[in-house]
Amino acid sequence: MQLPDRNELEKIGIVASDSSETRAKLLLEEKQELRVRSEEIVVIDTPNGYVLGVLRSGSGVNEALKANAYRPSVAYAKKGGVPSGAREIYTFEIMVIGVITENGIEQNRLIIPPRSNVYLFRKGASNPLEYVARNRPVIWKACLDGHEDWKIPFDSSFLTYHIGVFGATGSGKSWLTRHVIIPVLLEAGFKVLVLDWNGEDYAPYFKDKAIPISRLKLDEKAIVSYIMEKAEYFGYSSSYRDSNPVKEALEDYVSKRWEEVSQKKPEEIFLDMRSYLDNSIKQIVTREDQRKNALRKMEYGFKKLKPTDLDAVRGSLSIEELVEELSREEAGIRVIDMSLVGSEEKLSFFNSLARFLEEGMELGESLNIALVIDEGPQYAPWEPKGIQGESTEHIKNLCALGRKHRLCIVIISQGIAGDIGINAAVRRNLNTQFFGALHPLDMQEADNWLKPYGIQREYLLSLKPGQFYFVGKANPSPIPLLISFKPEG
Ligand SMILES: Nc1ncnc2c1ncn2[C@@H]1O[C@H](COP(=O)(O)OP(=O)(O)OP(=O)(O)O)[C@@H](O)[C@H]1O
Ligand SMILES: [Mg+2]
């Protein structure tokens, strides 16, 4: 298909005054206002060729009905009469995608003449986005909102420029990720690793591909900090939490014995750990009173810690093995179910994972992995504190290295900016975005992205679950498109 077929087109109006090369106003023919909707794709017939565009910002004007002054029509309406509709004008703003050429879409540089004819694609017409996708390595998924048979092209060469999914709670982010983004990534040849923060959005849907975080081997640092927390820091407070003889003994235990004992029953580990700690405290602490104090603290901690708590850190599957397993599979996907452990453990696992991936990339490996991070602000908030500082840094590194080493990062977040959003330095790395129904607090930020394309705030507040504006590098159309999808199965 070189150019749209005339038989597939239907005239709906003409271009009105004040057009430019990037936008034009569409004057609708009579009654077309009853069926032509915003977000439709139209064709303008210009001397330069067929120009493709998207309809936005509709408006209806009837000069005779301006309500701020006396006019016969207004007076008539006041009495309950129906004034004439003869002077009514309906318009839409056309946001220009580009000129259709043999090589696909090219930027339109010529002013669109007023009076040019504007056409809509008839029902059953072939997908106009094929012009946009021409000569690009694309994967077809989801659909243009309102056109189930018109799939959306995703440019696979830009997936390693990373992806952000934004929308208020319930806007359909996790569904979009499951039904659209993950399938696109798999089709593009990536192995997918999903971090499911609550174990609710992904793990139940990829049952045999889900791995509880407790099966994974954490590094020593992560194990110690987990046990410390569960043992309520052995009763130590403030600055003593990080430096005390019990913690020292525990670190010693984890580094020397964990490998060996971790496969035993939790009760056995519990007792083994207790006697080891008891012994080493007696050896390390020489002053009688301090020793007694430390032993008392240790007993306190072991009252708080339950043998079953240790189940979360007895994992034996190393990250290396996990990634290897994944890369051997065709369309490999794994979901890490992170429920049942606290945020510290989740983030320490993430940091171990990030360190592993970074090392690989620094050695020049091409990873071919997509990492899907739902609940983005938990990892990289606006103002990261403590362990989040580390995870935020890691995400930035992964993004920067990922472009050259085939690692795609997908971050999902309820908010875009500010204290409900994700860290600005991380956000700058997400070059493809999906915006669903947004929280009003995010309107200012969303305007920065979408207002230049004629997308009104009201649109963004009223999107239904599963409707998203698709913006940025992976979208071959320079103008954002409103997409939706039908969940399969
Ligand atoms: N394409 C769709 N078609 C129909 N319904 C949908 C679609 N996408 C999402 N929904 C509905 O919206 C609900 C919420 O979707 P989802 O769990 O993906 O939201 P979310 O944005 O991830 O929310 P949260 O931020 O709370 O995790 C779904 O349970 C489903 O009912
Ligand atoms: Mg979700």
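All values derive from a computational prediction rather than experimental measurement. (Residues numbered from 1 in each chain as written. Chains lettered and ligands numbered in written order. Predicted model: local features only at pLDDT ≥ 70, side-chain atom pairs only at ≥ 80, totals over all residues.)

Participant: So what's going on with the overall build of the protein chain? Which residues, and what values?
Facilitator: Assigned secondary structure in the protein chain consists of 14 helices and 19 strands. For the protein chain, the spread of C-alpha atoms along the principal axes amounts to about 100 × 55 × 35 Å. The buried share of the protein chain, reckoned over its 489 residues, is 42%. Counting contacts in the protein chain only where the partners sit at least 6 residues apart, residues at least 24 apart contribute 75% of the total. (Helix = DSSP H or I, 4+ residues; strand = E, 2+ residues; numbered from the N terminus. Buried ≥ 20, exposed ≤ 12 C-beta atoms within 10 Å, placed from the backbone. Contact = placed C-beta atoms within 7 Å.)

Participant: Quick one: what's the story with the environment of Val42, residue by residue and with numbers?
Facilitator: Along the chain, the position of Val42 falls in strand 3 (residues 41-46). On the basis of neighbour counts, which here come to 23 C-beta atoms within 10 Å, the residue Val42 falls in the buried class. For the pair formed by Val42 and Gly53, sequence separation is 11 residues and the distance between their alpha carbons is 5.3 Å.

Participant: Which residues make up unusual backbone geometry, and what are the values?
Facilitator: We note that Ala142 has phi near 50°; this positive angle belongs to a residue other than glycine. Structurally, Ala142 is set in the loop between strand 8 (138-141) and strand 9 (143-144). One non-glycine residue, Phe234, adopts positive backbone phi at about 50°. By the element assignment, Phe234 lies in the loop between helix 4 (220-230) and helix 5 (245-261).

Participant: Account for the packing of helix 4 against helix 9 (residues 343-362), naming residues and giving values.
Facilitator: Across the interface, helix 4 lies against helix 9 with an axial gap of 10 Å and an inter-helix angle of 175°. The angle between helix 4 and helix 9 falls in the class roughly antiparallel. Residue-level inspection shows Lys221, Ala222, Ser225, Tyr226 and Glu229 of helix 4 in contact with helix 9, the latter providing Glu344, Glu345, Ser348, Phe349 and Ser352. (Axes fitted to C-alpha atoms, helices over the stretch in contact; angles between N-to-C directions. Parallel < 35°, antiparallel > 145°, perpendicular 65-115°, else oblique.)

Participant: If you had to explain the site of ligand 1 to someone new, which residues and values would you point to?
Facilitator: Taken together, 14 residues are adjacent to ligand 1, and Gly172, Lys173, Ser174, Pro465 and Gly466 come closest. Sorting elements by how many residues they give to the shell around ligand 1 places helix 3 (residues 173-187) first, with 3 residues. Of the residues assigned to the shell around ligand 1, the class counts are 4 nonpolar, 9 polar and 1 charged. (Near = placed C-beta within 6 Å. Nonpolar A, V, L, I, M, F, W, Y, C, P; charged D, E, K, R; others polar.)

Participant: Outline the domain arrangement of the protein chain, listing residues and values.
Facilitator: What the domain assignment lists for the protein chain is domain 1 (6-135), domain 2 (152-217 + 323-484) and domain 3 (220-313). Each of domain 1 and domain 3 has a C-alpha centre, and these two points are 72 Å apart. (Domains from an automatic or database assignment.)

Participant: Provide a residue-level description of the nonpolar core, including the pertinent values.
Facilitator: Core analysis: the biggest nonpolar cluster contains 137 residues, and Leu185, Val372, Ile409, Val410 and Phe435 have the highest contact counts within it. Counting residues per element, this core draws most heavily on strand 5 (residues 88-101), which supplies 8 residues. In contact with Phe435, other than residues within four places in its own chain, are Phe166, Gly167, Ala446, Leu450, Leu460, Phe468, Tyr469 and Val471. (Core = buried A, V, L, I, M, F, W, Y, C linked by C-beta atoms within 7 Å.)

Participant: So what about the pairing of strand 15 (residues 369-373)? Which residues, and what values?
Facilitator: Counting buried positions over the 5 residues of strand 15 gives 5, a clear majority of the element. A two-sided burial pattern is seen for strand 15, the buried positions comprising Ile369, Leu371 and Ile373 on one face and Ala370 and Val372 on the other. As paired strands, strand 12 (residues 191-196) and strand 15 are joined by 5 bridges and run parallel to one another. Across the sheet, the residue bridging to Lys191 is Ile369, located in strand 15. Relative to strand 16 (residues 407-413), strand 15 runs parallel, the two sharing 5 bridges. What sits directly across from Leu371, in strand 16, is Ile409. (Pairing = 2+ DSSP bridges.)

Participant: Explain the sheet that holds strand 9 residue by residue, including any values.
Facilitator: Sheets are built from strands paired through backbone hydrogen bonds, the pairs being either parallel or antiparallel. Strand order in this open sheet of 10 strands is 9-19-18-17-11-16-15-12-14-13, and the pairing throughout is mixed. Each edge of the open sheet is held by one strand with a lone partner, namely strand 9 and strand 13 (210-212). Where helix 3 meets the sheet, it contacts strand 11 (163-166), strand 12, strand 14 (333-337), strand 15, strand 16, strand 17 (432-435) and strand 18 (468-472), and its direction lies at approximately 170° from that of strand 16.

Participant: I'd love a proper account of helix 11 (residues 387-402), names of residues and values included.
Facilitator: When the terminal C-alpha atoms of helix 11 are compared, their 22 Å separation across 16 residues agrees well with the 22 Å that a helix rising 1.5 Å per residue should span. Listed as buried for helix 11 are Ser391, Thr392, His394, Ile395, Leu398, Cys399 and Gly402. One side of helix 11 carries all its buried residues, which in axial view fall inside an arc of 160°. Looking at the packing, one finds that the buried side of helix 11 touches helix 9, helix 10 (376-379), strand 16 and helix 12 (424-427). (Expected span 1.5 Å × (residues − 1). Arc of directions from axis to C-beta.)

Participant: Requested: an account of helix 9, with residues and values cited.
Facilitator: For helix 9, with 20 residues, the first-to-last C-alpha span of 28 Å sits near the 28 Å given by 1.5 Å per residue. Turning to helix 9, its buried residues number three or more, namely Glu345, Lys346, Leu347, Ser348, Phe349, Phe350, Asn351, Leu353, Ala354 and Leu357. Positioned one or two residues after helix 9, Gly364 has a phi angle of 95°, which is positive.

Participant: Explain the environment of Trp382 to me, using residue names and the numbers behind them.
Facilitator: Looking at the secondary structure, you find Trp382 in the loop between helix 10 and helix 11. For Trp382, a count of 16 C-beta atoms within 10 Å gives the class partly exposed. Expressed as a C-alpha distance, the spacing of Trp382 and Ile420, which sit 38 residues apart in the sequence, is 7.6 Å.

Participant: An account of the environment of Ile319 is needed here, citing residue identities and associated values.
Facilitator: With respect to the helices, strands and loops of the structure, Ile319 is situated in helix 8 (residues 319-328). Taking the C-alpha atoms as reference points, Ile319 and Leu357, separated by 38 residues in sequence, lie 9.5 Å from one another. Apart from the residues within four sequence positions on either side, Ile319 is in contact with Leu216, Ser352, Leu353 and Phe356.

Participant: So what's going on with the packing of helix 9 against helix 11? Which residues, and what values?
Facilitator: Each pair of packed helices can be summarised by the angle the axes make with each other and by the distance between the axes. Between helix 9 and helix 11, whose axes approach to 9 Å, the crossing angle comes to 30°. It follows that helix 9 is roughly parallel to helix 11 by the angle criterion. Along this stretch, helix 9 crosses helix 11, giving a crossing that reads as left-handed. Taking contact as the criterion, the partners of Glu344, Leu347, Ser348, Phe350, Asn351, Ala354, Leu357, Glu358 and Met361 in helix 9 are, on helix 11, Ile387, Gln388, Glu390, Ser391, His394, Asn397, Leu398 and Leu401. (Left-handed = near helix turned anticlockwise from the far one by under 90°.)

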